[in-house]
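Remarks on the overall topology
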Amino acid sequence: MKRILLCWMLLALLTGCGKAGEPVPEGVPEEVLEGETESLSGEALVSSAMEAYAAITKDLTFTLDILDAAAEDAEFLTFSITPESAWNVAGRENLFPDSYRWEPASASTFGVQWTDMENRGLCFTMTAPDGETALRCCTGRDAVMWNVDGEAHYALVTAVEDGGPGLDDLLRGIAEDALREAAFSAPTVDGAETDCEEIARQLNEAMAENVRSVPDWVTWKPLDFQASGASVFDAYYGQPENFCAGLGFRLLVDDPYGEMANSWQAGAGLGEPDADGYYGWGGAAAIRKNADGDWCCDGLATGGSSVELPLSAPGAEAPLSELVDAFFLTVGESHDWLVPYYILEHPAEDMAALPALLDQRTDGEARELCGVLGQCLRDSTWDNWTMETLAAALGRYGAYLDA
């Protein structure tokens, strides 16, 4: 299995580092070192910052560099933000006028805060794909710098609401969302593995390992995070082969109502801890092969996951011949309910073709499909079918509805 820890793959590609105590840390923007530039003021100041943020996030594809000055060696991490990980990015520039106070500042003011290794905490730089448009700020400091249209601008930015989140919190949130997305979508399993349960188990373990490996400054990082089991509930063995599994985890937090636990809450909360103080958490993963032929998933969903069926039309609009083929290539929920539902959605004139399709199957297969159709009729109310009318449409196979 290709397990790659967050420090190398989970969007955190180490690009360089600067050691605490150096007079000019590596990575300081050249503009900071070039002296004063004329600063905007008033509405023009905010408008320019909004323009920069909108340009950077236009396609929800940009880079976010983070310098963690609190680390033993101040490390630079580069996050590749994509639409899949940019959950709370689009349109946030509209918060700039009303959520923050903007005052003109200078290059030297920003430079002093940026190079103050002892007090600045995390420093963020978000950069557009053009490599020119950028926005920079540090946690716990109010100096902000941005580049747009070839010019550098500076401001002191504070929250309008006392104690409210600052601009640095916005950038930090983007990084934390990207880390969370990667923790659950980056793991892969060798494509040579054929046991679905084993594939799900390995992904389950890799996700837990990734969560444990996120930087300590991430607010949602639990005190501990362990895999608690995986169970396949839907599988399609045709092409492309894919399946769905429920993945469970156990997490330890300092306060079930605190910031650390906030991202793990579902519905009424985390529920009750087990005897060791761990809370249960989990979701469903749709697992398939990627372009490299390895097993992967797009993260976890809270419900509604089902396998991908290669049908020529969506759901019940697919021809009966395709649905019958799909039925015998599935195991789990699609086999027991979804594909039979699609079949039963067909009108009587379509169902007349089903006996001929069953003639091409073994008697055991015909009994299996008709038995599941009969069970679906008994479990739900159907506007277009009763047991009697479906038995008549199936002809000699009608007796198998009670199989």
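This section reports on the structure supplied with the text. (Residues numbered from 1 in each chain as written. Predicted model: local features only at pLDDT ≥ 70, side-chain atom pairs only at ≥ 80, totals over all residues. Heavy atoms only, no water.)

So, the environment of G282
The topology assignment puts G282 in strand β11 (residues 279-289). What makes G282 partly exposed here is its relative accessible area of 37%. Measuring from C-alpha to C-alpha, the distance between G282 and G229 comes to 9.6 Å, with 53 residues separating the pair along the chain. With near-sequence residues (within four places) excluded, G282 lies in contact with L247, G248 and F249. (Helix = DSSP H or I, 4+ residues; strand = E, 2+ residues; numbered from the N terminus. Buried < 20%, exposed > 50% of the residue type's maximum accessible area, 1.4 Å probe, protein only. Contact = heavy atoms within 4.5 Å.)

Comments concerning the pairing of strand β8 (residues 151-159)
Of the strand pairs in this sheet, strand β4 (residues 100-104) and β8 are connected by five bridges, and their pairing is antiparallel. For P104, the partnering residue across the bridge sits in β8 and is A155. Pairing between strand β7 (residues 143-148) and β8: six bridges, direction antiparallel. Its bridge partner lying in β8, A143 is registered against L156. (Pairing = 2+ DSSP bridges.)

Overview of helix α2 (residues 42-56)
In this model α2 runs 22 Å from its N-terminal to its C-terminal C-alpha over 15 residues, within 8% of the 21 Å that 1.5 Å per residue would give. Every buried residue of α2 is accounted for by L45, V46, S48, A49, A52, Y53 and I56. One side of α2 carries all its buried residues, which in axial view fall inside an arc of 160 degrees. (Expected span 1.5 Å × (residues − 1). Arc of directions from axis to C-beta.)

Regarding the pattern of salt bridges
Counted according to the given criterion, the structure contains ten salt bridges. With a closest N to O distance of 3.0 Å, R367 and D363 form a salt bridge. In this pair, R367 and D363 both sit in helix α12 (residues 363-379), four residues apart, roughly one turn of the helix. For R367, a relative accessible area of 39% translates into the label partly exposed. Classification of D363 by relative accessible area gives partly exposed; the value is 42%. Of the charged contacts in the structure, one is a salt bridge between R378 and D402, with a shortest N-O distance of 3.3 Å. With R378 in helix α12 and D402 in the segment after α13 (387-394), this residue pair connects regions lying 24 residues apart in the sequence. Residues joined by salt bridges that share partners form a network here, namely R250, D274 and D276. (Salt bridge = Lys/Arg side-chain N within 4 Å of Asp/Glu carboxyl O.)

Quick notes on the state of the cysteines
Among covalent bonds in proteins, the disulfide is the one between the sulfur atoms of two cysteines. Counted under the stated rule, the structure contains one disulfide. A sulfur-sulfur distance of 2.2 Å marks the disulfide that ties C123 to C138. Measuring handedness by torsion sign, the sulfur bridge of C123 and C138 sits at about 100 degrees and is right-handed. Taken together, the positions of C123 in strand β5 (residues 122-127) and C138 in strand β6 (residues 134-138) put the pair 15 residues apart, joining distant regions of the chain. Not part of a disulfide, C137 finds its nearest cysteine sulfur in C138, a span of 6.8 Å. The structure places no disulfide on C297, whose sulfur is separated from the nearest cysteine sulfur, that of C296, by 6.9 Å. A relative accessible area of 2% means that C297 is categorised as buried. (Disulfide = S-S within 2.5 Å.)

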